[in-house]
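Chain residues, written in single-letter form:
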Amino acid sequence: MPNIVVVGTQWGDEGKGKVVDILAPHVDVVVRYQGGNNAGHTVVVGKEKYVFHSIPSAILHPGRRCVIGCGVVVDPASLIEEMEALVRRGVVLDGNLFISKNAHMIMPYHRALDLAWEAKLGKRRIGTTGRGVGPAYADKAARVGIRMADLLDEPLFKEKLQANIREKNKLLREIYDAQTLTVEEILGPYLRYAGWLAPYITDTALLLARWIEAGQSVLFEGAQGTMLDIDHGTYPFITSSNTTAGGAATGTGVPPTKINGVLGVAKAYTTRVGSGPFPTELRGELADQIRARGNEYGATTGRPRRCGWFDAVVLRYAARINGLDTVALTKLDVLDQCETVKICVGYKYRGEVLSEFPEEERIWTEAEPVYEEMSGWLASTRGLRSYVDLPTKARQYLERLAELAGVELCLVSTGAVREDTIVLDGTPLTGWFPGVRYPIA
Ligand code: GDP
Ligand code: IMO
Ligand code: MG
């Protein structure tokens, strides 16, 4: 049974939640491998909407085991809130949710530092989600992080917390002029969280190895997107983890030799939340129209998303960095009313046209996108479920995107609900999961 990575190819919010939900019935296990509750993955089932932050987007499918891998940073309060909300809606977690002992925790001082760092950066602030994700990963790298396993060892947890509080309070008070925290105000609640979460905390790398050995199929659910990757994204305007496919191995303990393929998710246009370079960004009326039609407001923070044209240079880069086998293209319907649609095919910088994504911040901010223009299809694609029913011009747009990026499409999404999905025949996706050809009831 194949083990496949689902990864965002742009700046996040490509529709990974919807794609994972569609693939979930065809796999045994879904695992998150990086990021934290900065993620917001939406699944729409009929009139019901679910937004997942730390729990894999497959939990709605009874019997699907959902794993929070070691590469994820976990805010226990936020996770418990998410768990309680799901239980209230009738979702069964017991026996289906597993949290890695090695996953690091987001602590209250991480949230405080996240806000303090941002305030200090002023004009160069990242526009983080304010969830403490960056500072939690910074502590992990600095070897002062606290892991889920530590939470279950009260004396060790207390010792690590005391040491951290001493240092963080100094930072908060003397460098950032911010409110300090006490050990007591953290210890009590965190020990309560420990009681809550203990039944779910386990050696997930070992479980995954056993399940794979037994022939079960694992889907790796990426959070954020390629351009937010700490190494390959638009640094420093990134998130603090490896969002790209390589992170699936380190963030779960499943070796690369057991991973069989990578599916990229791309939106039919581009969005970005927070600050940082965005070469194809639109401003004004057109951006507002796309934002309104695509309901482009952050699933985690509610912030309006910046909107722009599709960037084929970015998708080609994502194909290279992630080794994409195939791409699921979402939100085609949002462009239905555009008289013309543009695709970025290169960047013009100081008289030269660059066709590969550059590595310099100056080029990202100063380069002018070079566009190819196509006339829009001006017809509704919303809810269409068959490729041949798509207007010819919409098909031409999709085919051109795939050609420019050098990667074939396997799925086209035409609406937020599960059923508004076209699965293309004869692609790597139908090879991996033959049953996915008939996802529609
Ligand atoms: P993720 O972070 O990659 O999972 O994406 P988000 O959930 O943050 O954002 C995607 C948004 O688009 C969600 O509100 C989805 O319900 C919605 N969505 C997904 N696919 C489609 C589609 O094909 N058409 C439309 N109109 N909305 C979609
Ligand atoms: P999903 O998984 C879009 C962005 C933030 C900010 C930067 C750093 O739903 O696609 P952080 O809080 O991670 O330190 O913020 O990354 N960001 C996202 N943008 N979708 C996400 O997740 C994001 N998670 C973080 O807006 O620019
Ligand atoms: Mg999102």
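Quick caveat, the model's predicted, so the values are computed rather than measured.

**Q** I would appreciate a short explanation of the coordination of the magnesium ion (ligand 3) in the present structure.
**A** Each pair of donors in an ideal octahedron of six around a metal sits at 90 or 180 degrees, and each pair in an ideal tetrahedron of four sits at 109.5 degrees. Ligation of the magnesium ion (ligand 3) by protein atoms is provided by Asp13 (OD) and Gly40 (O), these donors lying 2.0 to 2.2 Å from the ion. Taken together, the positions of Asp13 in the loop between strand 1 (4-8) and helix 1 (16-23) and Gly40 in the loop between strand 2 (29-32) and strand 3 (41-45) put the pair 27 residues apart, joining distant regions of the chain. Take Asp13 and Gly40: they sit in the same class, and that class is buried.

**Q** Is there a simple way to think about the site of ligand 2 in this case?
**A** Contacts to ligand 2 come from 20 residues, most closely from Lys16, His41, Thr129, Gln224 and Thr239. Gly40 is positioned with one of its backbone polar atoms (N or O) 2.9 Å from an oxygen atom of ligand 2. Val273 places a main-chain nitrogen or oxygen 3.1 Å from an oxygen atom of ligand 2. Its free accessible area being 540 Å², ligand 2 has 97% of it covered by the protein chains. The cavity that encloses ligand 2 is the largest pocket.

**Q** I keep staring at unusual backbone geometry and nothing clicks. Help me out?
**A** The general pattern is negative phi for most residues beyond glycine and trans for most peptide bonds. Cis geometry marks the peptide bond from Tyr235 to Pro236, where omega comes out at 5°. Topologically, Pro236 is positioned in the loop between strand 10 (218-221) and helix 9 (247-250). Of note, Asn295 is a non-glycine position whose phi angle comes to about 50°, a positive value. Examined against the element boundaries, Asn295 turns out to sit in the loop between helix 10 (285-293) and strand 13 (306-308).

**Q** Help me out: how do you make sense of the side chain of Asp114 in this one?
**A** Counting through the fold element by element, Asp114 comes out in helix 3 (residues 108-121). Of the buried charged residues, Asp114 lacks a salt bridge, with Arg131 as the closest side chain of opposite charge at 7.7 Å. Side chain to side chain, Asp114 and Thr128 meet in a polar contact 2.9 Å long. Every residue in contact with Asp114, bar those within four places of it in the chain, is listed here: Thr128, Gly130, Arg131, Gly132, Val133 and Pro135.

**Q** What's the story with the site of ligand 1 in this structure? I'm lost.
**A** For ligand 1, the set of nearby residues contains 20 residues, the closest of which are Gly15, Lys16, Thr42, Asp333 and Ser413. Measuring from an oxygen atom of ligand 1, one finds a side-chain N or O atom of Asp13 at 2.9 Å. Note that an oxygen atom of ligand 1 is positioned 2.6 Å from one of the side-chain N or O atoms of Thr42. Contact with the protein chains removes 93% of the 590 Å² of surface that ligand 1 exposes when unbound. More than half of the atoms of ligand 1 fall within 2 Å of the grid points belonging to the second largest pocket.

**Q** Can you help me understand the layout of surface pockets in this one?
**A** Where empty space is left in the structure can be found by rolling a water-sized probe over the atoms. Space inside the largest pocket adds up to approximately 810 Å³. Considering the residues around the largest pocket, the lining is formed by 39 residues, among which Ile126, Thr128, Ile238, Thr239 and Ser240 are closest to the centre. Of all the secondary-structure elements, those providing two or more residues to the lining of the largest pocket are helix 3 and helix 4 (133-141). Here the residues of the lining of the largest pocket sort into 17 nonpolar, 15 polar and seven charged.

**Q** Is there a simple way to think about the domain arrangement of the protein chain in this case?
**A** The extent of an interface is frequently quoted as the accessible surface area lost upon association of the parts. For the protein chain, the assigned domains read domain 1 (4-92 + 203-432) and domain 2 (104-200). For domain 1 versus domain 2, the separation of C-alpha centres amounts to 29 Å. With 28 residues of domain 1 at the interface, the matching set in domain 2 holds 22 residues. Together domain 1 and domain 2 conceal approximately 2,100 Å² of surface at their shared face, both sides included; 61% is due to carbon and sulfur atoms. As a salt-bridge pair, Asp75 and Arg111 come within 2.6 Å of each other at their nearest N and O atoms. Elements with a contribution of two residues or more to the side of domain 1 that touches domain 2: strand 6 (73-74) and helix 2 (76-88). At six residues, helix 2 tops the list of elements feeding residues into the side of domain 1 that touches domain 2. When its residues are assigned to classes, the side of domain 1 that touches domain 2 shows twelve nonpolar, twelve polar and four charged.

The rules behind the values
- Residues numbered from 1 in each chain as written.
- Chains lettered and ligands numbered in written order.
- Predicted model: local features only at pLDDT ≥ 70, side-chain atom pairs only at ≥ 80, totals over all residues.
- Heavy atoms only, no water.
- Donors = N, O, S within 2.8 Å, 3.2 Å for Na, K, Ca; no water.
- Helix = DSSP H or I, 4+ residues; strand = E, 2+ residues; numbered from the N terminus.
- Buried < 20%, exposed > 50% of the residue type's maximum accessible area, 1.4 Å probe, protein only.
- Near = heavy atom within 4 Å.
- Polar contact = N/O pair within 3.5 Å; in protein donor to acceptor, adjacent residues only side chain to side chain.
- Areas by Shrake-Rupley, 256 points an atom, 1.4 Å probe, with all protein chains shown as cover.
- 1 Å grid on protein atoms, 1.4 Å probe; cavity = no way out; pocket = protein on both sides within 12 Å on 5 of 7 lines; lining within 4 Å.
- Sits in = over half its atoms within 2 Å of the grid points.
- Lys, Arg positive; Asp, Glu negative; His and termini not counted.
- Salt bridge = Lys/Arg side-chain N within 4 Å of Asp/Glu carboxyl O.
- Contact = heavy atoms within 4.5 Å.
- Points joined across faces, edges and corners; volume = space filled by probe spheres on them.
- Nonpolar A, V, L, I, M, F, W, Y, C, P; charged D, E, K, R; others polar.
- Domains from an automatic or database assignment.
- Buried area = accessible area lost by both parts, 1.4 Å probe.

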